[in-house]
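Listed here are the chains, written in short residue letters.
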Amino acid sequence: MTNPTDTRARRTFAVISHPDAGKSTLTEAMALHARVISEAGAVHGKAGRRGTVSDWMEMERARGISITSAALQFDYGDHVVNLVDTPGHADFSEDTYRVLSAVDSAVMLVDAAKGLEPQTLKLFQVCAQRGIPVITVINKWDRPGLDALQLMDEIQKEIGLRPTPLTWPVGIAGEFRGVLDRRTGDLIHYTRTAGGATRAPEERVGAAAAEALAGEAWLAAVEEHDLLSMDDADHGQSTFLTGTTTPVLFASALLNFGVSQLLQILIELAPPPQPTPAVDGAVRAVGDDFSAFVFKVQSGMDAAHRDRLAYARVCSGVFERGMVVQHGETGKPFATKYAQAVFGRERTAVETAFPGDIIGLVNAAALRVGDTIYAGEPVLYPPIASFAPEHFASARAVDTGRYKQFRRGIEQMDQEGVVQVLRSDLRGDQSPVLAAVGPMQFEVVAARMESEFGAAVRLERLDYSVARRTDDAGVEALEGVRGVEVLARSDGTHLAVFPDKWRAHVVARDHADVLLEPLPASGG
Ligand SMILES: Nc1nc2c(ncn2[C@@H]2O[C@H](COP(=O)(O)OP(=O)(O)OP(=O)(O)O)[C@@H](O)[C@H]2O)c(=O)[nH]1
Ligand SMILES: [Mg+2]
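Residues numbered from 1 in each chain as written. Chains lettered and ligands numbered in written order. Predicted model: local features only at pLDDT ≥ 70, side-chain atom pairs only at ≥ 80, totals over all residues. Heavy atoms only, no water.

### Observations concerning the coordination of the magnesium ion (ligand 2)
Selection rule: Donor atoms: N, O and S within 2.8 Å of the metal, or within 3.2 Å for Na, K and Ca. Because water is excluded, sites can look incomplete. Here a strand is any run of E in DSSP of at least two residues, a helix any run of H or I of at least four, and the numbering for each starts at the N terminus. Here the term buried applies to any residue with accessible area under 20% of the maximum for its type, exposed to any over 50%, and partly exposed to those in between, with areas from a 1.4 Å probe on protein chains only.
For the magnesium ion (ligand 2), the full set of protein donor atoms is Ser24 (OG) and Ser66 (OG), at a range of 2.0 to 2.1 Å. Of this pair, Ser24 sits in helix 1 (residues 23–33) while Ser66 sits in the loop between helix 2 (58–63) and strand 2 (70–76), and the two are 42 residues apart along the sequence. By relative accessible area, which is 7% here, Ser24 ends up buried. Looking at Ser66, the relative accessible area reads 10%, which means it is buried.

Shown next as structure tokens:
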């Protein structure tokens, strides 16, 4: 239930998938359909075409991939949409998983030509574990690809989620004419626009006119639609919400086909803001006093104002700018003078926010990823687990005269969770160890340290690949032991790092009394 004072309902969801399936393009297309942008940008900002709203970072535009998640808030009819576009690359999966702690549903893209890919499977599993209902979009139907029924089989077999298509493509992959609306039996016919930069006109026609318009392709779609109905592949709202079925839509994000249907389905079927369980298992009702938790910290969005934004998801109550709230972790009061609504890198002051909304709190230096803020009755939401790093590098300032900038930059990278930062007395503050799930995270650090902090870094890869959590006693016991180094993460966790799992086994065997606990692996 949404808050009674909230006259406009919220939909808060993440767009997730394997790399390159078209998340950022689809995000752009949704913003276009909601008329918050008048022309869609392109992922590879070609000459004369601007980039997409969600890939605002220089490195994202240069490489045509998403590196950091981006939030967009916009109105759609009488609803407010909070959309988070996530990076698909496994190296950035920590970021994607942080986002999944802050949404009520997920839109999962599948590339029509590739079918289910490894990262898709992992993400589906995470959604299942967290009880996040998933809407599936078969994207890139404008290009040659797999057979639609075959794709449905794959979803069912590989992930055990029963697909219940709401639309069915008219025309095989590569010859996308429109979709059959399975709930009404109509044809929604699409017309291409130049480069897909503007909304594709669509026309809804009844079955008789559909046959005249699309001929054989229409008849084939009708036949398959009947097969699906016989196979019990029709949408069920309760099975969708409990995660045993997934509504499926067909789209071309690039051509803007199928995008208004997706928005419509999100409004109609995706769950409104759900209560967030607290650390102690209690559930704070959506209509209770205000509370929110931080799922992302980001700086460097605006070169002119070097500020740092903490993204908080409102879990309960009404947020009013300027209200003084409590910081759950320290119990200290926290003034929310600078709260903003976020649209990619653009921001506007926000006066009030409701459950489901994502707000940006500017220069909230005290706030870390996973932190809770609240008013009234105290509440603490669970911390967001960080993954076991598998890549390690020591970092140094190239120019020692820029050590101050180096230090500031590393601290910022740490707070954002771009990498984990590990230290030891032995290595000193001049040369912290950066720990990552994937090596691309190091490239991001190097590029941002230089462009945002003017502190070029020299990274030296270390021969470690395994980390285990240990404690104070472990720090002492492992000192000087061969094949292990103990480092401290900034959240106070001690990590023992090893070249490989064999060495970890040997050390664990020889020091049976020492705590060496595995960390959550990436990919859940
Ligand atoms: N033909 C076709 N190309 C598409 C479509 N959607 C996206 N693309 C192209 O696919 C490529 C990847 O698109 P993105 O939107 O960056 O994919 P993504 O899922 O956001 O990628 P990451 O964020 O890096 O994981 C780009 O070149 C897009 O132009 C589509 O519907 N049809
Ligand atoms: Mg992207």
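### Some thoughts on the sheet that holds strand 8 (residues 178–181)
Worth spelling out the cut-off: Two strands form a pair only when DSSP identifies at least two bridges running between them. A fitted line through C-alpha atoms serves as each axis, taken over the contacting stretch for helices, and the angle formed by two N-to-C directions is quoted from 0 to 180°.
Judged by pairing direction, the sheet is antiparallel, and its four strands sit side by side in the order 7-8-9-10 without closing on themselves. Strands with a single pairing partner mark the edges of an open sheet, and in this sheet they are strand 7 (167–170) and strand 10 (202–205). Ignoring which end each strand starts from, the neighbouring axes of this sheet average 25° apart. Where strand 7 and strand 8 come together, four bridges link them in antiparallel fashion. Within strand 8, the residue paired with Val170 across the bridge is Gly178.

### As for the site of ligand 1
The test is simple: Near residues are defined by distance, with any heavy atom within 4 Å of the molecule or strand qualifying the residue. Nitrogen and oxygen atoms within 3.5 Å of one another constitute a polar contact, given that in protein one can donate a hydrogen and the other can accept it, and given that sequence-neighbouring residues count only through two side-chain atoms. For the accessible areas, the method is Shrake-Rupley and the probe is 1.4 Å, while residue cover comes only from the protein chains on display. When residues are grouped by polarity, Ala, Val, Leu, Ile, Met, Phe, Trp, Tyr, Cys and Pro land in nonpolar, Asp, Glu, Lys and Arg in charged, and all others, Gly among them, in polar.
Contacts to ligand 1 come from 19 residues, most closely from Lys23, Ser24, Thr25, Ser66 and Asp142. In this structure, an oxygen atom belonging to ligand 1 sits 2.9 Å away from a main-chain N or O atom of Gly22. Here an oxygen atom of ligand 1 sits 2.9 Å away from a polar atom, N or O, in the main chain of Ala253. Starting from 650 Å² of accessible surface for ligand 1 in isolation, the protein chains cover 91%. Among the elements that take part in the shell around ligand 1, helix 1 stands out by supplying three residues, more than any other. Residues belonging to the shell around ligand 1 are distributed by class as follows: six nonpolar, eight polar and five charged.

### Things to note about the pairing of strand 27 (residues 485–489)
Most of strand 27 is tucked away, with four of its five residues classed as buried. As defined by bridge partners, strand 23 (residues 420–423) adjoins strand 27 across two bridges and the pair is classed as antiparallel. If you follow Leu422 over to strand 27, its bridge partner there is Arg489. By the bridge criterion, four bridges tie strand 27 to strand 28 (residues 494–498) in an arrangement that is antiparallel. Note that in strand 28 the partner of Ala488 across the bridge is His494.

### Brief notes about the packing of helix 1 against helix 8 (residues 259–269)
How we decide: Our angle categories are set so that under 35 degrees counts as roughly parallel, over 145 as roughly antiparallel, 65 to 115 as roughly perpendicular, and the remainder as oblique. Note on contacts: a residue pair is in contact if any heavy atoms of the two residues lie within 4.5 Å.
For the pair helix 1 and helix 8, the least separation of the axes is 9 Å and the interaxial angle reads 80°. Compared by their axis directions, helix 1 and helix 8 come out roughly perpendicular. Counting all contacts with helix 1, which are made through Leu26, Ala29, Met30 and His33, the residues of helix 8 involved are Val259, Ser260, Leu262, Leu263 and Leu266. A class-by-class count of the residues in the contact of helix 1 with helix 8 yields seven nonpolar, two polar and no charged.

### Observations concerning the environment of Leu426
Locating Leu426 in the fold gives a position in the loop between strand 23 and strand 24 (433–436). According to the relative accessible area criterion, Leu426 is exposed, its value standing at 82%. Residues Leu426 and Glu224 lie 202 residues apart in sequence; the distance between their C-alpha atoms is 67 Å.

### With respect to the side chain of Ser54
Relative to the helices and strands, Ser54 is located in the loop between helix 1 and helix 2. For Ser54, a relative accessible area of 1% corresponds to the buried category. When sequence neighbours within four positions are dropped, the list of residues in contact with Ser54 reads Ser24, Thr27, Glu28, Glu60, Ala70, Leu72 and Asp85.

### Observations regarding the sheet that holds strand 26 (residues 466–470)
Spatial strand order, 25-22-24-23-27-28-26-29: eight strands in an open sheet with antiparallel pairing. What marks the edges here is a single partner per strand, and that holds for strand 25 (457–462) and strand 29 (517–518). Of the pairings in the sheet, the one linking strand 23 to strand 24 comprises three bridges and is antiparallel in character. What sits directly across from Leu422, in strand 24, is Val433.

### Quick look at unusual backbone geometry
Although it is not a glycine, Asp20 adopts a positive phi angle of roughly 75°. Locating Asp20 in the fold gives a position in the loop between strand 1 (9–16) and helix 1. We note that Asp232 has phi near 65°; this positive angle belongs to a residue other than glycine.

### Thoughts on the packing of aromatic side chains
Under the convention used in this document: Each aromatic pair joins two rings of Phe, Tyr and Trp (for Trp, the six-membered one) with centres within 6.5 Å, and gets the label stacked for planes under 30 degrees apart, edge-to-face for over 60, and tilted for any other angle.
Taken as a whole and assessed by the stated rule, the structure comprises 11 aromatic pairs. Judged by centre distance (4.8 Å) and plane angle (25°), the ring pair of Tyr190 and Phe257 falls under stacked. Note that Tyr190 is positioned in strand 9 (residues 186–190) and Phe257 in the loop between strand 11 (245–250) and helix 8, a separation of 67 residues in sequence. A relative accessible area of 4% means that Tyr190 is categorised as buried. Taking the relative accessible area as the measure of exposure, Phe257 reaches 2% and is therefore buried. Aromatic side chains Phe290 and Phe319 sit 5.4 Å apart centroid to centroid with 50° between the ring planes, which places their arrangement in the tilted category. Here the residue Phe290 occupies a position in the loop between helix 8 and strand 12 (291–299), and Phe319 occupies one in strand 14 (residues 319–320), the gap between them amounting to 29 residues. Among the aromatic residues, those joined into a ring-pair cluster are Trp141, Trp168 and Phe250.

### Examining the pairing of strand 2
In terms of burial, strand 2 is a largely internal element, five of the seven residues being buried. Looking at chain direction, strand 2 and strand 3 (residues 79–85) are connected through seven bridges and run antiparallel. Residue pairing across strands places Gln73 opposite Asn82, the latter belonging to strand 3. Following strand 2, the chain reverses through two residues before pairing antiparallel with strand 3; Gly77 in that reversal takes a positive phi of roughly 55°.

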